[in-house]
Structures are given as structure tokens and as C-alpha cells.
Amino acid sequence: MLNIPALKGIYRYHEFIGPVLPLDAVIYLGEGHTPVVEANDRLRAMAGLRFYYKNDGQNPSASFKDRGMASALSYLQYLIRQGHVEDVLAICASTGDTSAAAALYASYFQGKVKSAVLLPRGKVTPQQLAQPLGSGAAVFEIPGVFDDCMKIVEALSENYRVALLNSKNAWRILGQESYSYEIAQNFEYDMAEKVVVVPIGNAGNITAVISGFLKFLDTGIITHLPKIIGVQSEHANPVYKYYLEPEAEKRKFEAVAVRPSVAQAAMIGNPVSMPRVIHLVDAYNKKSGRQNVFFSEVTEQEIMDCQLTANRNGHVACTHGGECLAGLIRARQTGQVDGHETAILDSTAHALKFSGFQDMYFQNQFPPEYEVVPDPKLINTPQLVRPADLKHVPEPGKPLYGDELAHFVRRISAEIATLLDLKKI
Ligand SMILES: Cc1ncc(COP(=O)(O)O)c(C=O)c1O
């Protein structure tokens, strides 16, 4: 089975994601089956329990969104082949990663599916903006925040013939459920004492993760539901706030006005999937026979410090991955998780997509509204090694030769040895 291209990616769980799809309609661009990497002893001691990062940044467009797009675009391919639709314009609002994934998968269909993406101007990283541009999508920058872009794509999909690729699209969620299936498989289907930690923005991801585990439980593939912890920054925390009220009947959802956040892709004040969150959290807790979904709120400072610390210990976590670690530590402090449990943290994108925040931290240039003050122990900057008395240095197209090169090598290596306090052999 593993030699069938359609089953190499998320459609390895074909029966759970889209059994109506014939395998030759499935698109595989290398998504899914992302690494699950255990944290070293140092991080484990810091968190107070054993944990792993699942690196969803190692998907083709460098975020978990590829799971949902592989599924949604496979379905579109099926509809086109059946003659149900033609000349599809796929459209989405995005905090950066949805558009990167949508544009990538749509570009594979040359001629059959075009894509257009709406981004909040200045609220996506340069790397994220480069992605849909590179894939050839029509990219529109809109004033405001993600929630405003979402309203526009909703209006477009109500009034025009377009395919909406946001997580309102059920095929997106079906694809993203593969994240849970992979975790279950990775841990030999033993979900007892496991804790799955995910960041929340538009809440598509957490609902997919919950729904995936429920399906595996219902079919008897797993016998326990893992604990779920949804994490939000205090700068974009509508879901956390909603669940602050312990009594379900008294809870009232209120959208929040978001503030700048380093977990920028989750900077959403009015999550589209909130009704699904409410329904699925309730169903999950009932099936578990106890409260098994928890919410945790963290500061911007904690997110940055945790991301940088994780990455100084062998990981490639994005800021949202840092948010998960901060959320886990918080959950351990408040007693939501216990030291004998094992956590799996979602690094939803690759660290490089959000390296601008790392730069701001290292150069101490965070605008005050982020409320992040760099910890000198975590700062790292390059050092220029250019002894002032060195007359000749190589330049592109002008290499040094002979004695000049030997002198250059001697001086620079001596300087580095001094800076690093190296002992002579
Ligand atoms: C990297 C990253 N992490 C987390 C999220 C939040 O996921 P969701 O919006 O499904 O809650 C997003 C969504 O845009 C994202 O791109």
C-alpha cells in the first residue's frame, strides 16, 4: 500500500478522511507523517513532564494547513473530473499559512483551479507573503485583521461562484484530522495518559484534532481519548475567555479585539469554528466521562521565551509551537496536567516562517504593544570578525592567494580562537 502515491500522505487514512474519493483523485505533494521528536532531559525538566514536538512545519508549505488543503483540493479534483464544476476559483482569507497551502495545491492543477487569497496587510510575515506569490496566486492585501478578511471571503462565497477554502470547508477539517490519526499510530494506539497540546486561532485545528480522536475511539482503534489542551495568547483569547465560566449554561461567546501577537497566525478574535468547538468539546468530555479538554492562556513573553528555548534544544518550533510549550508549562502549574503524563505539542509551522520575531527579540526591537522584553541569556547575534589591521580580505570575485591568504586565515582563526577561549593543541 505504501507504494501507492495516493496513500503516501494523509490519505493513508483514506477510510476516515474521504472514502467517497477514488484514489486516483487524491493529490499528494508530500504532506503528512511529520516527525514526532522527543524533548531532551533539559526541556523535560523545564516542563515537568515528558513531551514531544510533532513538527507540522515539515509539511510541503511548512505548516499543518497542507493536510486540509490536500484533502479539499483532492475533492475539487474529483468534482471537476465528474463534470460537476469547471474553472474553479478557490478563495481563502488567511493569516499567512492557509494562503500558502491553498496557493501551492491550487498551482498543481494548472488551468483547472485558480486561487485567490486575501491577507490582512502587514499582518503576515514576508516569508508567508512570498509563498502564494511564488505559487502564482492572485494575492489581495486588505486593511484590518484576519477577521475582516474572513467577512469578505464569506461575502464573496455567498454571492459568487467560488470555492471557499477556509476551515469552514468540511474537507479541510477532514484532512486535518489526519494529525490525530498519526499521533495515535505513532504511540501504538495507546492514548492513555497522553496530552495533545494545540494553539487556537480560527479553531479549525482544535476541532479537527478532537474530531479525529473521536472517530478513532468510535471505531475501536483507540480505547482512550487523550487529554486536549487548547492554548491562546492573552492578546487573542476569545476561546479561553469563553471557557473561563465553569457552568456551561452561563457561558456566553464574545469576540475580542485582538492585539499584536507573535503567534500571529492565531491572532483571531472571532473564530469561525466556535460553534463546532462548543459542540465537540462537549461531546469529547461526555465520551471521556470527565473533563478532558482544557484551555490555557499564555503571555507573549512566555511564547517567545519558550520558542527560543525549544529551538536552542534541537527543535524547529514556530512561535505557535512556543505557545504550546508555554501552555503546557502553564497547564502543569495549574494542575491541568500531571507529571506522569506524556504531551505531544503541535509545532504548527516551521520556525523560519516567523524568524522576524526572533530577529526582533535578538535585536531588542519589539514594539511596546507586544510586551516582550528579551532575556539576555536567549539573545544571539552574529559577530563580525574583521581585525582592523588586516590590510587584505577576500571579496566576491577577488580571492586572496599565497601569503596574503595564509595571513588572512591565521589572523581570523586566531581571533575566533580568542573569542571562543579555545585551548591550543
Ligand atoms: C502556524 C499556525 N498555527 C496555528 C494556527 C491556528 O490554527 P486554527 O486557525 O485552525 O485554530 C494557524 C492558523 O492560521 C497557523 O497558521
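Residues numbered from 1 in each chain as written. Predicted model: local features only at pLDDT ≥ 70, side-chain atom pairs only at ≥ 80, totals over all residues. Heavy atoms only, no water.

1. A word on the overall build of the protein
Here's step 1: A tally of helices and strands in the protein yields 15 helices and 10 strands.
Here's step 2: For a compact globule of 425 residues, the expected C-alpha radius of gyration is about 22 Å, and the protein comes in at 24 Å, within 12% of that figure.
Here's step 3: With respect to the three principal axes, the spread of C-alpha positions in the protein is 75 × 55 × 45 Å.
Here's step 4: Out of the 425 residues belonging to the protein, those deemed buried represent 54%.
Here's step 5: Restricting the contact set of the protein to residue pairs at least 6 apart, pairs at least 24 apart contribute 72%.
Here's step 6: Of the roughly 19300 Å² of accessible surface on the protein, 53% is carried by carbon and sulfur atoms.
Here's step 7: Once the 41 positive and 45 negative side-chain charges of the protein are each reduced to a mean point, those two points are 2 Å apart. (Helix = DSSP H or I, 4+ residues; strand = E, 2+ residues; numbered from the N terminus. Rg over C-alpha atoms; globule rule 2.2 N^0.38 Å. Buried < 20%, exposed > 50% of the residue type's maximum accessible area, 1.4 Å probe, protein only. Contact = heavy atoms within 4.5 Å. Areas by Shrake-Rupley, 256 points an atom, 1.4 Å probe, with all protein chains shown as cover. Lys, Arg positive; Asp, Glu negative; His and termini not counted. Charge placed at Lys NZ, Arg CZ, Asp CG, Glu CD.)

2. Some thoughts on the site of the ligand
Here's step 1: Asp 97, Gly 201, Asn 202, Asn 205 and Thr 348 are the nearest of the 15 residues found near the ligand.
Here's step 2: Protein coverage of the free-state accessible area of the ligand, which is 380 Å², stands at 98%.
Here's step 3: Taken together, the residues of the shell around the ligand break down into 6 nonpolar, 7 polar and 2 charged.
Here's step 4: When residues of the shell around the ligand are assigned to domains, at least three map to each of domain 1 (31-60 + 177-377) and domain 2 (64-169). (Near = heavy atom within 4 Å. Nonpolar A, V, L, I, M, F, W, Y, C, P; charged D, E, K, R; others polar. Domains from an automatic or database assignment.)

3. Topic: the packing of aromatic side chains
Two aromatic rings, taken as a pair, are described by how far apart their centres are and by the angle between their planes.
Here's step 1: This model, assessed by the stated rule, comprises 15 aromatic pairs.
Here's step 2: Here the aromatic rings of Phe 16 and Phe 216 are separated by 4.9 Å at their centres, their planes lie at 65°, and the arrangement is edge-to-face. Pair noted here: Phe 16 is in helix α1 (residues 14-17) and Phe 216 is in helix α9 (residues 204-218), with a separation of 200 residues, a long-range link. Per residue, the accessibility class of Phe 16 equals that of Phe 216, and both read buried.
Here's step 3: Through a chain of ring-to-ring contacts, the aromatic side chains of Tyr 13, Phe 16, Tyr 181 and Phe 216 assemble into a single cluster. (Phe/Tyr/Trp six-rings, centres within 6.5 Å; stacked < 30°, edge-to-face > 60°.)

4. Quick notes on the domain arrangement of the protein
Here's step 1: One can read the domain layout of the protein as domain 1 (31-60 + 177-377), domain 2 (64-169) and domain 3 (383-425).
Here's step 2: With centres defined by C-alpha atoms, the gap from domain 2 to domain 3 works out at 50 Å.

5. Some details on a negative patch on the surface
Here's step 1: A cluster of like negative charges, contributed by Glu 188, Asp 190, Glu 193 and Asp 338, occupies part of the molecular surface.
Here's step 2: Turning to its location among the elements, Glu 188 is positioned in the loop between α8 (178-186) and β7 (194-199).
Here's step 3: Accessibility expressed as a relative area gives 65% for Glu 188, which makes it exposed. (Patch = residues over 30% accessible without salt bridge, like charges linked within 9 Å, V, L, I, M, F, W, Y side chains within 5 Å. Salt bridge = Lys/Arg side-chain N within 4 Å of Asp/Glu carboxyl O.)

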